[in-house]
Amino acid sequence: MYGPLGPTSVTMTNSTTITSPVKTLVSPASNEATIGQEVAYEIRVPGTVSTRPLYDVVITDTLDENLEYLGFTQTGGPTVTDNSVAPALSFRVAQIPAGQQVVFTVPARVRNVLGAQQGVAINNTASYAYASTPGGAAQPALTSETVTLHVVEPNIANITKSADPTTPAAGETVRYS
């Protein structure tokens, strides 16, 4: 027979994987845009909800020089503070509670600059760093997959014009519309 045993200690550790952010191009759906056209990216942090909270979250995104930053719109999660100085975008979240995500949209416009030419691929990623405890050490940054936007020429195949008058006399002014 066995005798009485002393106190026993049990330690349990819940394994949690914190996922990379998810960045998607939500507009245009074709992944193609022309000069002057607005595009919109959606960023989700973390990529999938976590079973533990994230603290002191800093989300960064460096926009390509061919894009003009137009602000951001938060669509979900705890409050996001925009500390951006374009093209270096920076957003801060004090805490993302367990079971939640921060979701926001970043609109941009394709700039009319020399680099924005037919066939140019604009690659973009977002990343974030966080601490496991309030004020704790920052964990290594996690980065999204690359999202690619292609610059195209506008489709102007359907331009029509009409003259007034249709049969002018010599020296008469013709107006086109």
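Residues numbered from 1 in each chain as written. Predicted model: local features only at pLDDT ≥ 70, side-chain atom pairs only at ≥ 80, totals over all residues. Heavy atoms only, no water.

Our next topic: the packing of aromatic side chains. Per the counting criterion, the structure on display carries four aromatic pairs. Between the aromatic rings of Phe72 and Phe104, the centroid separation amounts to 5.7 Å while the plane-to-plane angle is 85°, which identifies the pairing as edge-to-face. One end of the pair, Phe72, is in the loop between β5 (67-69) and β6 (73-76); the other, Phe104, is in strand β9 (residues 102-110), with 32 residues separating them in the sequence. For Phe72, a relative accessible area of 25% puts it in the partly exposed group. What makes Phe104 buried here is its relative accessible area of 0%. One aromatic cluster in this structure is built from Phe72, Phe91 and Phe104. Here the basic side chain of Lys23 rests over the ring of Tyr41, its NZ or CZ set 4.4 Å away from the ring centre. (Phe/Tyr/Trp six-rings, centres within 6.5 Å; stacked < 30°, edge-to-face > 60°. Helix = DSSP H or I, 4+ residues; strand = E, 2+ residues; numbered from the N terminus. Buried < 20%, exposed > 50% of the residue type's maximum accessible area, 1.4 Å probe, protein only. Lys NZ or Arg CZ within 6 Å of the ring centre and 35° of its normal.)

Time to look at the pairing of strand β8 (residues 88-96). Where a strand is regular, its side chains alternate between the two sheet faces. Here eight bridges tie strand β4 (residues 54-62) to β8, and the two strands are oriented antiparallel to one another. Bridge pairing in β8 links Val58 to Arg92. Here strand β7 (residues 81-82) runs beside β8; their pairing, made up of two bridges, is antiparallel. Bridge assignment links Asp82 to a residue of β8, and that residue is Phe91. As consecutive antiparallel partners, β7 and β8 are separated by five residues. (Pairing = 2+ DSSP bridges.)

This brings us to the nonpolar core. Core analysis: the largest hydrophobic core is formed by 31 residues, its most contacted members being Val39, Val57, Ile59, Leu67 and Leu149. Those elements that place two or more of their residues in this core are β3 (38-45), β4, β5, β8, β9, β11 (127-131) and β13 (147-151). In terms of residues, this core owes the most to one element, β9, which gives five residues. Other than its neighbours up to four places away in sequence, Val39 contacts Leu25, Ser27, Pro28, Ala33, Leu67, Val106, Pro107, Ala108, Val110 and Leu149. (Core = buried A, V, L, I, M, F, W, Y, C linked by side-chain atoms within 4.5 Å. Contact = heavy atoms within 4.5 Å.)

On to the side chain of Ser50. Counting through the fold element by element, Ser50 comes out in the loop between β3 and β4. A relative accessible area of 6% means that Ser50 is categorised as buried. A distance of 3.1 Å separates a polar side-chain atom of Ser50 from the backbone nitrogen of Arg52. (Polar contact = N/O pair within 3.5 Å; in protein donor to acceptor, adjacent residues only side chain to side chain.)

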